[in-house]
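Fold and geometry: a report
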Amino acid sequence: MRDLASRLRRLPPSCGPVRLIGVDGHAGSGKSTFAGRLARELDDAPVLRLDDIASHEELFGWTGRLLSQVIEPLGRGERAQYTPYDWHTRRFGPPRALPPAPVILIEGVGAGRRALRPHLAHLLWMEVPREVAWARGRSRDGEEQREFWAGWVRAEQRHFADDSSRPFADLLVRQCQEGYEVVHGPAGTVGSDHDVTYGDGPSAVC
């Protein structure tokens, strides 16, 4: 993880002074956990969770809101301010500030969509089969969310059919028994050393 963080820090800024790193993948693929661990390795880099941008009415129709509230201000080197959505009360909450930082992670399904890719310094894709990821998500959220998940799966399928992220991923992230394996993605440039594996330490390299 330390080597991956060092690599990301060396990337040129992609959105004003910020290096925006997208972490995409199917729901339940482990994006939040991975992004949290990577953020800590990046000196507690901010993490923007797309669950805060989406809503029940707009599972994937949030592009304009993200661009106007977050991407455009950061691109000008200004503090962004967005209104996170509360999935329990079904309403948007008070504004939350997101100052420019050297690296900001954008984590969630759709983080690599075509409208965002021009603003990303790197796109990471969680390499988990969708059925496995969805099964994890259903197990995590419990029986009370069964109806929501049925609608979500259909919406996610439509989204990726129209706007796939994986073909544009610079890196693929695979969870191992300990740590993560990170290899070049479809859009990544393979150098003379070919695929490189990162972990959290000697015992975490798979």
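Summary of the structure given here. Note that the structure is predicted; figures quoted are calculated from it, not measured.

This part covers the pairing of strand S8 (residues 122–126). Burial analysis of S8 places 5 of its 5 residues in the buried class, which makes it a mostly covered element. Of the strand pairs in this sheet, strand S1 (residues 19–24) and S8 are connected by 4 bridges, and their pairing is parallel. Directly across from Val23, in S8, lies its bridge partner Leu124. One ladder, built from 3 bridges, connects S8 with strand S9 (residues 171–175); its direction is parallel.

Once that is clear, we can look at the side chain of Arg19. Inspection of the secondary structure puts Arg19 in strand S1. Buried charged residue Arg19 carries no salt bridge. Nearest counter-charge: Asp43, at 11 Å. Within polar-contact distance, the side chain of Arg19 engages the backbone oxygen of Arg9 at 3.2 Å. A distance of 2.5 Å separates a polar side-chain atom of Arg19 from the backbone oxygen of Leu11. Discounting residues that sit within four places of it in the chain, Arg19 has contacts with Leu8, Arg9, Leu11, Pro12, Pro13, Ser14, Ala101, Pro102, Val103, Ile104 and Ala121.

Spatial ordering of the open sheet is given by S2-S7-S1-S8-S9-S10, a layout of 6 strands whose pairing is mixed. Since the sheet does not close on itself, it has two edges, and those belong to strand S2 (47–49) and strand S10 (180–184), each with one partner. Strand after strand, the sheet turns through a mean of 25° between neighbouring axes, direction not considered. Bridging between S2 and strand S7 (residues 103–107) involves 3 bridges; their strand directions are parallel. Note on S7: the bridge partner recorded for Val47 is Leu105.

By secondary structure assignment, the location of His122 is in strand S8. The exposure class assigned to His122 is buried, which follows from its relative accessible area of 9%. C-alpha separation for the pair His122 and Ala133, spaced 11 residues apart in sequence, amounts to 22 Å. Sequence-distant contacts of His122, that is, excluding residues within four places in its chain, are made with Arg7, Leu8, Leu11, Leu20, Ile21, Gly22, Asp170 and Leu171.

Moving on to unusual backbone geometry. Positive phi is not limited to glycine here, since Asp43 has a value of about 60°. Residue placement: Asp43 occurs in the loop between helix H2 (31–41) and S2. Of note in the backbone geometry, Asp44 takes a positive phi value of approximately 60° without being a glycine. Among the secondary structure elements, Asp44 is positioned in the loop between H2 and S2. Judged by its relative accessible area of 61%, Asp44 falls in the exposed class.

Thresholds applied
Starting afresh in each chain, residues are numbered from 1 along the sequence in its written order. For a predicted model such as this one, the threshold for reporting local features is a pLDDT of at least 70, and the threshold for listing and counting side-chain atom pairs is 80 or more; totals across whole chains, interfaces and linings nevertheless cover every residue. For the side-chain quantities, the full set of heavy atoms in the structure was used; hydrogens and water were omitted. Three exposure classes are used, based on accessible area relative to the maximum for each residue type with a 1.4 Å probe and protein chains only: buried under 20%, partly exposed in between, and exposed over 50%. Strands are runs of DSSP state E lasting at least two residues, helices are runs of H or I lasting at least four, and both sets are numbered from the N terminus onward. By this definition, two strands are paired if DSSP reports at least two bridges between them. For the purpose of counting charges, residues Lys and Arg are taken to be positive, whereas Asp and Glu are taken to be negative. His and the chain ends are not included. We define a salt bridge as a contact between a side-chain nitrogen of Lys or Arg and a carboxyl oxygen of Asp or Glu at a distance within 4 Å. As used in this structure description, the phrase polar contact means that two N or O atoms lie within 3.5 Å; if the pair is within protein, one of them must be able to donate a hydrogen and the other to accept it, and residues adjacent in sequence are counted only when both atoms belong to side chains. Only heavy atoms matter for contacts: two residues are in contact if any of them lie within 4.5 Å across the pair. For helices, the fitted line uses only the C-alpha atoms of the stretch in contact; every axis is such a line through C-alpha atoms, and the angle between N-to-C directions lies from 0 to 180 degrees.

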